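The residues making up each chain are set out below.
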Amino acid sequence: MRRSKYIRPAWLDDAGLERPNAKTSAMIASIEGPDQRTSPTPFGNALAKLAETSPKIVGLSADLAKYTDLHIFAQKHPDRFYQMGMAEQLLMMASAGLAREGFQPWATTYAVFASRRAYDFICLAIAEENLDVKICCALPGLTTGYGPSHQATEDLAIFRGMPNLTIVDPCDAHEIEQVVPAITAHKGPVYMRLLRGNVPLVLDEYGYRFELGRAKLLRDGADTLIISSGLMTMRALEAADILEKDNLSIAVLHVPTIKPLDEVTILQEAGKTGRPVVVAENHTIIGGLGEAVAGALLRGGVMPAGFRQIALPDRFLEAGALPTLHDLYGLSSQAVAASIKSWL
Amino acid sequence: MPDIGHNVSLRERARRIRRHALRMGEVQGQGYIAQALGVADVLSVSYFHALTYRPEEPEWEGRDRFCLSIGHYAIALYAALIEAGIIPEDEIESYGGDDSRLPMSGMAAYTPGMEITGGSLGHGLGISVGMALGLKRKASKNFVYNLFSDGELDEGSTWEAAMSAGSFGLDNLIGIVDVNNMQADGPSTQQMNFEPLKPKFEAFNWFAQRVDGNDIDALVAAFDKARSHPEKKPRIIICDTKMGRGVPFLEARERNHFLRVEADEWQKALDIIDAEPRQ
């Protein structure tokens, strides 16, 4: 993929080579698989509905209302929406000020801008004061093909070190709809990784209920335990289906709350003998769910039969079509299944 | 409020604020004392002329909010809060010590009357924008005051906040810039030239005034105009102040961002302040 910018793609000059046909297309690439059920704008719908009964809720965005689904809220409650311009530092400062006056601001932008640009403002103006601000950010991890400027591959590593901050990484539309009322009831700052647009629907089939701070076992299995969060949980479930055809039985423990981590459930599941643990996350291998789980296992004295991470490499990633990139970095269902098979 | 009688002049309040600040400085032997002496007149006019508040109820909903963006000016604001009766005077000896309500850098969680946590410079004005928006949502008639420094004009976040305040037309926001022309590495205008400052704020749709920040009468007139100005614009009062004001041997120090003062000099400074005619 990435090479010297002075070398032309060979297929442009050689008709015998296959022409790549994958396109990067829009900033926020779809993550839905073929024939996957989806639900439109679950975050915007849930927040707009919640605001009908909760007058303290206000919404703010830094010129990304449309791209974070906050426009749904803004259309329903125009007098409660603040456009802060393309200014993420201001977005967080003003949210802090509104929270000080008794409101519950929901601030949206892209994950890169919240974590990298606005860190100091979230940390000191919001988290240090334990203010009731919900920070909901699109493009978490690798969910765009636009390159490192928009790929928040280290947002969890950045935010995990921030005291008082609760971190949530929901998997699908079904979960997002439940996360919104759950975190409004939690008094204090929350960082939520946001999937927007037509978001896949997966967890409704598992009878799943989101509980803040709780990990949930979605399927059991004897051969490997996958511990995952965010969109990697749907990939883990798909990989488990693939591996089932090879008579491999895979358990999937979904951990939507990255902080505080449900160490009790993780230790309980990882402590069941005989199966290795694979942590799968849409995040760099450094400082995310994988290292959080590893630390919990070591502190808890639990030694599973092997520990592996499926995560993004410690590199600035490539630009290109998202499915290509997910294959390349091992986040696609096929790649997850192949990795696990190779480790067994 | 300490019982020093009614009709105490703003000059006397400023003198006493300087005195409280010097006594806190003496506890540590060093500190941001030159800023406190410089901004004492601004704080006197703020707390004893402009602001609405209840000393016994620091979080009274009907108060004007006074946000200190410059966390290291805490020594100055504590002096004003002591003079206003919000903090007991006998806590002066705890300044900057363990288990104190008066830490070196101002934080909302520690001190009654401290509205925000300052210190990570460039935060205050934007937080004040949010508070001003919040007060408008509540149909409150109160003002949000934000005291920040000329050094904070270097921070991009200050200008994000300034542009938004103008855009939102926040006529309940009063910014106060302490232009003492001194920051950590030297004279502020030599670190990053922020002049001409008044036209900058005017260009950002603010109602701007520039006054001698050590002239009580000029400050009173400026605060009155800021509060009564009819345009739907945020208001800025640019205050040119003198570091160390009122103690000539401290005014004369060249690099006085963080002053080290000899043990015997504190009493000399207090003697100078105490020798001022009471007005």
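Residues numbered from 1 in each chain as written. Chains lettered and ligands numbered in written order. Predicted model: local features only at pLDDT ≥ 70, side-chain atom pairs only at ≥ 80, totals over all residues.

Novice: I'd like a rundown of the overall build of chain B, residues and numbers included.
Specialist: Scanning chain B from terminus to terminus reveals 10 helices and 7 strands. The C-alpha atoms of chain B give a radius of gyration of 17 Å, which matches the 19 Å a tight globule of 279 residues would have. On the principal axes, the C-alpha backbone points of chain B span a range of 50 × 45 × 35 Å. Nonlocal contacts in chain B, meaning residues at least 24 apart in sequence, comprise 76% of its contacts between residues at least 6 apart. (Helix = DSSP H or I, 4+ residues; strand = E, 2+ residues; numbered from the N terminus. Rg over C-alpha atoms; globule rule 2.2 N^0.38 Å. Contact = placed C-beta atoms within 7 Å.)

Novice: Which residues make up the packing of helix α1 (residues 10-28) of chain B against helix α10 (residues 263-274) of chain B, and what values go with them?
Specialist: All names here are of chain B. At a minimum axis separation of 10 Å, α1 and α10 run at an interaxial angle of 175 degrees. By the angle class used here, α1 and α10 are roughly antiparallel. Mapping the contact onto sequence places Arg15, Arg18, Arg19, Leu22, Gly25 and Glu26 in α1 and Trp266, Ala269, Leu270 and Ile273 in α10. Residue composition of the contact of α1 with α10, by class: 5 nonpolar, 1 polar and 4 charged. (Axes fitted to C-alpha atoms, helices over the stretch in contact; angles between N-to-C directions. Parallel < 35°, antiparallel > 145°, perpendicular 65-115°, else oblique. Nonpolar A, V, L, I, M, F, W, Y, C, P; charged D, E, K, R; others polar.)

Novice: A description of the interface of chain B and chain A should follow, citing residues and the corresponding values.
Specialist: The interface of chain B with chain A comprises 20 residues on the first partner and 21 residues on the second. It is helix α4 (residues 124-137) of chain B that contributes the most residues to the side of chain B that touches chain A, 10 residues altogether.

Novice: Would you mind going over the environment of Glu57 of chain B in detail, with residue names and values included?
Specialist: Here Glu57 of chain B shows up in the loop between α2 (33-50) and β2 (65-68). Using a count of 12 C-beta atoms within 10 Å as the deciding quantity, one classes Glu57 of chain B as exposed. (Buried ≥ 20, exposed ≤ 12 C-beta atoms within 10 Å, placed from the backbone.)

Novice: I'd love a proper account of the pairing of strand β2 (residues 57-61) of chain A, names of residues and values included.
Specialist: All names here are of chain A. With 5 of 5 residues buried, β2 is to be regarded as a mostly interior element. Alignment of β2 against strand β4 (residues 104-110), held across 5 bridges, turns out to be parallel. Considered in β4, the bridge of Ser61 is made with Thr108. In this sheet, strand β3 (residues 81-83) lies alongside β2 in parallel orientation, the contact comprising 3 bridges. Its bridge partner lying in β3, Gly59 is registered against Phe81. With respect to chirality, the unit in which β2 leads through helix α2 (residues 70-76) into the neighbouring parallel β3 is right-handed. (Pairing = 2+ DSSP bridges. Right-handed = clockwise from strand over helix to strand, strands pointing away.)

Novice: Can you explain the sheet that holds β4 of chain A? Please cite residues and give values.
Specialist: Residue and element names in this part refer to chain A. If you walk across this open sheet you meet the 7 strands as β3-β2-β4-β5-β7-β6-β12, and the pairing is mixed. Because the sheet does not close on itself, it has two edges, and the strands there are β3 and β12 (257-259). The sheet shows a mean angle of 20 degrees between the axes of neighbouring strands, direction not considered. Summarising the sheet, strand β6 (residues 166-168) and β12 pair through 2 bridges and their orientation is antiparallel. Bridged to Val168 within β12 is Thr257. Packing against the sheet, helix α3 (residues 88-100) makes contact with β2, β3 and β4, and its axis sits at approximately 170 degrees to β4.

Novice: So what about the sheet that holds strand β11 (residues 250-254) of chain A? Which residues, and what values?
Specialist: Residues and elements named next belong to chain A. Taken in spatial order, the 5 strands line up as β9-β11-β10-β13-β14 in an open sheet, and their pairing is mixed. Unpaired on one side and paired on the other, β9 (216-219) and β14 (307-312) mark the two borders of the sheet. For this sheet the average axis-to-axis angle between neighbouring strands, irrespective of direction, equals 25 degrees. Across 5 bridges, strand β10 (residues 224-228) lies against β11 in parallel orientation.

Novice: With reference to specific residues and values, describe unusual backbone geometry.
Specialist: The amide bond that connects Lys259 of chain A to the next residue, Pro260 of chain A, takes the cis arrangement and shows omega of 0 degrees. You can see Pro260 of chain A is positioned in the loop between β12 and α9 (263-270). Across the junction of Glu195 of chain B and Pro196 of chain B, the peptide omega takes the value -5 degrees, indicating a cis bond. Within the element layout of this structure, Pro196 of chain B appears in the loop between α6 (188-191) and α7 (197-203).

Novice: Talk me through the domain arrangement of chain A; I want residue IDs and the actual numbers.
Specialist: Residue and element names in this part refer to chain A. In terms of domains, chain A is made up of domain 1 (40-200) and domain 2 (213-343). Using only C-alpha atoms to locate each centre, domain 1 and domain 2 end up separated by 25 Å. At the junction of the two partners, domain 1 supplies 26 residues and domain 2 supplies 29 residues. For the side of domain 1 that touches domain 2, the secondary structure elements donating two or more residues are α6 (155-160) and β6. Considered class by class, the residues forming the side of domain 1 that touches domain 2 number 13 nonpolar, 7 polar and 6 charged. (Domains from an automatic or database assignment.)

Novice: Break down helix α10 (residues 289-300) of chain A for me, with residues and values.
Specialist: Residues and elements named next belong to chain A. With 12 residues, α10 should cover 16 Å at 1.5 Å per step; its first-to-last C-alpha distance of 16 Å lies within 8% of that length. Turning to α10, its buried residues number three or more, namely Leu289, Gly290, Glu291, Ala292, Val293 and Leu297. On the buried face of α10, the contacting elements are α6, β10, β12, α9, β13 (277-284) and β14. Immediately downstream of α10, the backbone of Gly301 shows phi near 70 degrees, a positive value. (Expected span 1.5 Å × (residues − 1).)

Novice: Please set out the nonpolar core residue by residue, giving values where relevant.
Specialist: Residue and element names in this part refer to chain B. If you look at the biggest cluster of nonpolar residues, it comprises 198 residues, and the most contacted ones within it are Ala21, Ala36, Ile75, Ala76 and Tyr78. Per-element accounting of this core gives the leading share, 11 residues, to α2. Ignoring sequence-local partners within four residues, the contact set of Ala36 consists of Ala21, Tyr73, Ile75, Ala76 and Ala79. (Core = buried A, V, L, I, M, F, W, Y, C linked by C-beta atoms within 7 Å.)

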